[in-house]
Amino acid sequence: MIVNRQIRTLDEFTIQQLRDFPNATGELSSLLRDIGLAAKRVNVEVSKAGLVDILGDANLVNVQGEDVKKLDIYANTQLMGVLKHGISCAGIASEEFDDFIAFNDPVSNQSKYVVLFDPLDGSSNIDANVSIGTIFGVYRRVSEKGSPVTREDFLQPGIRQVAAGYIVYGSSTMLVYATRRGVNGFTLDPSIGEFSLSHPDIKCPPHGRIYSVNHGNFHRFERGVQQYIDHCQRKDETNGGPYTQRYIGSLVSDLHRNLIKGGIFLYPVTTDMPGGKLRLMYECNPFAFILEVAGGRATDGKRRILDIQPTGLHQREPFFIGSRGMMDELDSFLDGAVPA
Ligand code: AHM
Ligand code: MG
C-alpha cells in the first residue's frame, strides 16, 4: 500500500506547529484534538439525522432520541465532555447554557484555556438536510490558575482569542481553525476517521462577487444597508455585472463559502431586532478572528467586532464580515459617503 506522507492529520499538524515554540506546553494542540474528537462524534449523528424516524420506529433510537433537533443537545454534551475530560480547558460557555460552567476539578483548575462555543449552529436547517456547523473561540484565562474560572475569563474582547474555528457538516465534513499564524482547513477522511490537512494557509480573496443577506428583511434594514444591497445588484457590465446573491441561512456554511471564494455577509439590525440577531461571543467573534487572520474584516457597522468589550455571554450584535475590498465598499455606504 502506498502511504501519502504529504497528508498530515490534525494531530500531526498541531504537534508540528509546536516545534516552533520550544516553551509551548502542547495544551492548545490537545484542546484542538479534543474538539476534533467531539466533531467526529457529532458528524456520525448528523449524517444519520434523516434516519431518526426510521431507526426510532425500529426501536433502535440513537443517542439523540427521537427529535432531530435534539442533535444540538447531543453536540453540546459531546463538546463539553471532551473539554471537561481533557487537560487544557478550565471551563466553557455555550449557546445552550444561560451561564458559563467552571469545571472546577483539580486538573481543570490548572488548565490554561476557556472555550466559548455554539455546538450546532443552524440546527433549524437539519430536517431539510442543509449543512450545519459548530463554532468555537478559545481564550487564555485571566484569573489565577489553581482556582475555578470566573466571569472575567469569558467576557474578553474577541481580539484576545488564542484560536478560533468551526466545523461544517456538509457534503464533506471540515474543521477549519485559525491561530495568529494562519488559517488551516482539515477535511474528515472517513476511511481513517481523521481530519487531514486539505486547505493549508487559507486566505480570503480581497475581492469577491458574492453578497449574502436575508433579503426577506430588506424593508426592515437601515437606509445605508439598503443602498449597499442596491449597489450590489446594480453593478454594470463594465465592472463585472451584478454580484451574485447566496444565502443558505446557516452561518457556518455561508461564511465558509465566502472565506474560500471571497464575498460579504450581512446580518444588520432590523426594525424588529434592533440589537442584531447573531451572538457576539460564539458566532461573531470566532468568525471575525478567522476572517481577519485570512485577510478579511468584520464590523458591527461602526466598530471592529474584535474590539467590542462584551457585557454578556449571549449578547447580540449586527454583523458585517467578508473580503477586505467589499467591506471597504460597504463602509462607504454605512458612513453615508455615497449619495442616495
Ligand atoms: P441559530 O443559532 O438559532 O441556529 O440561528 C443562527 C442562524 C445562523 O446560522 C444564520 O446565519 C442565521 O441564524 C439566519 O437567520 P435568518 O433565518 O434570520 O436569516
Ligand atoms: Mg447559533
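Think of each chain on its own: its residues are numbered from 1, step by step along the sequence as written. Chains carry letters and ligands carry numbers; both start at the beginning, A for chains and 1 for ligands, and go up in the order they are written. The predicted nature of this model means local features are confined to residues of pLDDT at least 70 and side-chain atom pairs, given and counted, to a pLDDT of 80 or more, with totals for whole chains, interfaces and linings taken over all residues. Water and hydrogen atoms were dropped before computing side-chain values, which therefore reflect all heavy atoms in the structure.

Draft legend 1. View of the overall build of the chain. Labels follow the DSSP assignment, with helices taken as runs of H or I lasting at least four residues and strands as runs of E lasting at least two, numbered in each case from the N terminus. Helix and strand content of the chain: 10 helices and 15 strands. Taken over C-alpha atoms, the radius of gyration comes to 20 Å for the chain, in line with the 20 Å a tight globule of 340 residues would show. Taken over the C-alpha atoms alone, the chain extends approximately 60 × 50 × 45 Å along its principal axes. Each residue is assigned to one of three classes by its accessible area relative to the maximum for its type, calculated with a 1.4 Å probe on protein chains only: buried under 20%, partly exposed between the two thresholds, exposed over 50%. Taking all 340 residues of the chain together, 54% fall into the buried category. Throughout, a contact is declared for two residues whenever any of their heavy atoms are within 4.5 Å. In the chain, once contacts between residues fewer than 6 apart in sequence are set aside, the share between residues at least 24 apart is 64%. Surface accessibility in these figures is a Shrake-Rupley result with a 1.4 Å probe; residues are shielded only by whichever protein chains are displayed. For the chain, the exposed surface amounts to about 15,200 Å²; the carbon and sulfur share of it is 51%. In summary, the charge assignment counts Lys and Arg as positive and Asp and Glu as negative, without counting His or the chain termini. Here the site of a charge means atom NZ of a Lys, CZ of an Arg, CG of an Asp or CD of a Glu. Within the chain, the 40 negative side-chain charges are centred at a point lying 4 Å from the centre of the 35 positive side-chain charges. Note on method: radius of gyration uses C-alpha positions; expected globular size equals 2.2 Å times residues raised to 0.38.

Draft legend 2. Here's a closer look at the sheet that holds strand β13 (residues 297-299). Taken in spatial order, the five strands make up an open sheet running β10-β9-β11-β15-β13, and their pairing is mixed. On the outer flanks of this sheet lie β10 (244-245) and β13, each paired with one strand and no other. Both strand β9 (residues 210-212) and strand β11 (residues 264-267) contribute to a ladder of two bridges, which runs parallel. Residue pairing for β11: Y211 is matched across the bridge by I264. Contacting β9, β11 and β15 (319-322), helix α8 (residues 251-261) runs over the sheet at an angle of about 160° to β9. Two strands qualify as a pair provided that DSSP identifies no fewer than 2 bridges between them. Here an angle of 0 to 180 degrees is reported between the N-to-C directions of two axes, which are lines fitted to C-alpha atoms, with helices fitted over the stretch in contact.

Draft legend 3. A look at the coordination of the magnesium ion (ligand 2). The rule for donors is simple: N, O or S, within 2.8 Å of the metal, or within 3.2 Å if the metal is Na, K or Ca. Water isn't counted, so a site may look like it is missing partners. Around the magnesium ion (ligand 2), the protein contributes the donor atoms D118 (OD), D121 (OD) and E283 (OE), which lie 2.0 to 2.1 Å from the metal centre. Donor residues binding the magnesium ion (ligand 2) come from one chain and are separated in sequence as D-x2-D-x161-E. Here D121 is found in strand β3 (residues 113-121), whereas its partner E283 is found in helix α9 (residues 280-293), with 162 residues between them in sequence. Each member of the pair, D121 together with E283, is buried.

Draft legend 4. Quick peek at the nonpolar core. Joining through side-chain atoms within 4.5 Å is the link that ties buried Ala, Val, Leu, Ile, Met, Phe, Trp, Tyr and Cys residues into a set, and such a set is a nonpolar core. Counting residues in hydrophobic clusters, the biggest one holds 43 residues, and the most contacted among them are F287 and F319. Tallying contributions element by element places α9 first for this core, with nine residues. The split of the chain into domains comes from an automatic or database domain assignment. Shared between two domains, this core holds at least three residues of each, these being domain 1 (10-199) and domain 2 (210-334).

Draft legend 5. Local environment of the site of ligand 1. Near ligand 1 there are 14 residues, and of these D121, N214, Y247, L251 and Y267 occur at the shortest range. Contact distances for ligand 1 include 2.8 Å between an oxygen atom and a side-chain N or O atom of N214. Polar contact criterion, stated in full: a pair of N or O atoms within 3.5 Å, where within protein one must be able to donate a hydrogen and the other to accept it, and residues adjacent in sequence count only if both atoms are side-chain atoms. Interatomic distance of 2.7 Å between a backbone N/O atom of L251 and an oxygen atom of ligand 1. Its free accessible area being 470 Å², ligand 1 has 77% of it covered by the protein chains. Secondary structure elements with two or more residues in the shell around ligand 1: β3 and β11. Distances are taken per atom, and a residue is near a molecule or strand as soon as one of its heavy atoms is within 4 Å of it.

Draft legend 6. Representation of the domain arrangement of the chain. What the domain assignment lists for the chain is domain 1 (10-199) and domain 2 (210-334). Taking the mean C-alpha position of each, domain 1 and domain 2 sit 24 Å from one another. Two parts lose some accessible area (1.4 Å probe) when they are put together, and adding that loss for both gives the buried area. Of the roughly 2,700 Å² buried between domain 1 and domain 2, counting both surfaces, carbon and sulfur atoms make up 68%. Taken as a group, I135, L155 and Y166 account for 23% of the area that domain 1 buries against domain 2, more than any other trio of residues on that side. We define a salt bridge as a side-chain nitrogen of Lys or Arg found within 4 Å of a carboxyl oxygen belonging to Asp or Glu. Scanning the region where domain 1 abuts domain 2 turns up zero salt bridges. For the pair domain 1 and domain 2, the interface holds 10 residue pairs in polar contact (both at pLDDT 80 or more). Secondary-structure elements contributing two or more residues to the side of domain 1 that touches domain 2 are β1 (89-94), β3, β4 (132-140), α6 (151-154), β5 (161-169), β6 (173-179) and β7 (182-189). It is β5 that provides the largest number of residues to the side of domain 1 that touches domain 2, a total of eight residues. Taken together, the residues of the side of domain 1 that touches domain 2 sort by class into 24 nonpolar, 14 polar and seven charged. Three categories are distinguished: nonpolar for Ala, Val, Leu, Ile, Met, Phe, Trp, Tyr, Cys and Pro, charged for Asp, Glu, Lys and Arg, and polar for the others, with Gly belonging to the last.

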